[in-house]
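What follows is each chain in one-letter form.
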Amino acid sequence: VQLQACGGGLVQAGDSLSLSCAVSDSTFRPNAMGWFRQAPGKAREFAAVFRVNGGRTYYSDSVKGRFTISRDRAENTVYLQMESLKPGDTAVYFCVAARGVILSNIYNDRAYDYWGQGTLVTVSS
């Protein structure tokens, strides 16, 4: 199973950007898909996840209200719509997928079985 992420780039503060991540294997139906990110010189952190069971979404406090995660079930693809981007959003964004993740582990990067190669988002001030 491979995760193919795309959509990163260079934008200015206040701009919008959308990321997408597709699962290469159409027979693999993840229980959860989402995004972690890692800013330069910082630890990797949770950003947003779509949990298939129940269709709920989860966001970090730093992106809540500005980012929206959604899923296209037919295409086995997850999207991250990012609005009102800030320089602090500059990071490599990693798409993730889990065969199964319990709610208490939703924010834990170790709960995710598959990782994409990462796509760079740079927000200039």
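So, here's what we can say about the structure.

So, how was this worked out
- Residues numbered from 1 in each chain as written.
- Predicted model: local features only at pLDDT ≥ 70, side-chain atom pairs only at ≥ 80, totals over all residues.
- Heavy atoms only, no water.
- Pairing = 2+ DSSP bridges.
- Helix = DSSP H or I, 4+ residues; strand = E, 2+ residues; numbered from the N terminus.
- Axes fitted to C-alpha atoms, helices over the stretch in contact; angles between N-to-C directions.
- Salt bridge = Lys/Arg side-chain N within 4 Å of Asp/Glu carboxyl O.
- Buried < 20%, exposed > 50% of the residue type's maximum accessible area, 1.4 Å probe, protein only.
- Phe/Tyr/Trp six-rings, centres within 6.5 Å; stacked < 30°, edge-to-face > 60°.
- Lys NZ or Arg CZ within 6 Å of the ring centre and 35° of its normal.
- Contact = heavy atoms within 4.5 Å.
- Lys, Arg positive; Asp, Glu negative; His and termini not counted.
- Disulfide = S-S within 2.5 Å.

## Topic: the sheet that holds strand β7 (residues 67–72)
The strands that make up a sheet pair up through hydrogen bonds in the backbone, lying either parallel or antiparallel.
Step number 1: Taken in spatial order, the 4 strands make up an open sheet running β1-β3-β8-β7, and their pairing is antiparallel. This sheet does not close on itself; its edge strands, each paired only once, are β1 (3–6) and β7. With strand direction ignored, the average angle separating the axes of adjacent strands in the sheet is 15°.
Step number 2: Here β7 runs beside strand β8 (residues 77–82); their pairing, made up of 6 bridges, is antiparallel. Its bridge partner being in β8, Ile 69 is matched across the sheet by Leu 80.

## Digging into the pattern of salt bridges
Side-chain pairs of opposite charge can arise whenever the charged atoms involved come near each other.
Step number 1: Under the criterion given, the structure shown has 6 salt bridges.
Step number 2: Residues Asp 113 and Arg 99 are paired through a salt bridge, measuring 3.3 Å at the closest nitrogen-oxygen approach. With a gap of 14 residues between them, Asp 113 in the loop between β9 (91–98) and β10 (114–115) and Arg 99 in the loop between β9 and β10 connect regions that are remote in the sequence.
Step number 3: For Asp 113, a relative accessible area of 33% translates into the label partly exposed.

## Here we look at the packing of aromatic side chains
Step number 1: Scanning the entire structure with this criterion turns up 7 aromatic pairs.
Step number 2: On the numbers, 4.7 Å between centres and 80° between planes, the contact of Phe 46 with Tyr 107 is edge-to-face. Taken together, the positions of Phe 46 in strand β5 (residues 44–51) and Tyr 107 in the loop between β9 and β10 put the pair 61 residues apart, joining distant regions of the chain.
Step number 3: The structure contains a cluster of three or more aromatic residues connected by ring pairs, namely Phe 36, Phe 46, Tyr 58, Phe 94, Tyr 107, Tyr 112 and Trp 115.
Step number 4: Between the NZ or CZ atom of Arg 44 and the centre of the ring of Trp 115, over which it lies, the distance is 4.1 Å.

## A word on the side chain of Asn 76
Step number 1: Its location among the elements puts Asn 76 in the loop between β7 and β8.
Step number 2: What makes Asn 76 buried here is its relative accessible area of 4%.
Step number 3: Leave out the neighbours within four places in its chain, and Asn 76 touches Cys 21, Ala 22, Val 23, Asp 25, Ser 26, Phe 28, Arg 29 and Pro 30.

## Brief notes about the side chain of Arg 51
Step number 1: Positionally, Arg 51 belongs in strand β5.
Step number 2: Nearest to the buried, unbridged Arg 51 among oppositely charged side chains is Asp 113, at 12 Å.
Step number 3: Not counting residues within four places of it along the chain, the set of residues in contact with Arg 51 comprises Asn 31, Ala 32, Arg 56, Tyr 58, Val 101, Ile 102, Leu 103 and Ile 106.

## Notes on the state of the cysteines
Step number 1: Enumeration over the complete set of coordinates arrives at 1 disulfide.
Step number 2: The side chain of Cys 21 participates in a disulfide bridge whose partner is Cys 95; the two sulfur atoms lie 1.9 Å from each other. With the S-S dihedral at roughly -85°, the linkage between Cys 21 and Cys 95 falls on the left-handed side. Of this pair, Cys 21 sits in strand β3 (residues 17–23) while Cys 95 sits in strand β9, and the two are 74 residues apart along the sequence. Cys 95 shares its class with Cys 21; the two are buried.
Step number 3: In this model Cys 6 remains outside any disulfide bridge; the closest cysteine sulfur is found in Cys 21, 8.6 Å from its own.
Step number 4: Judged by relative accessible area, Cys 6 falls into the partly exposed class, the value being 42%.

The values reported here are purely geometric and, on their own, carry no functional implication.
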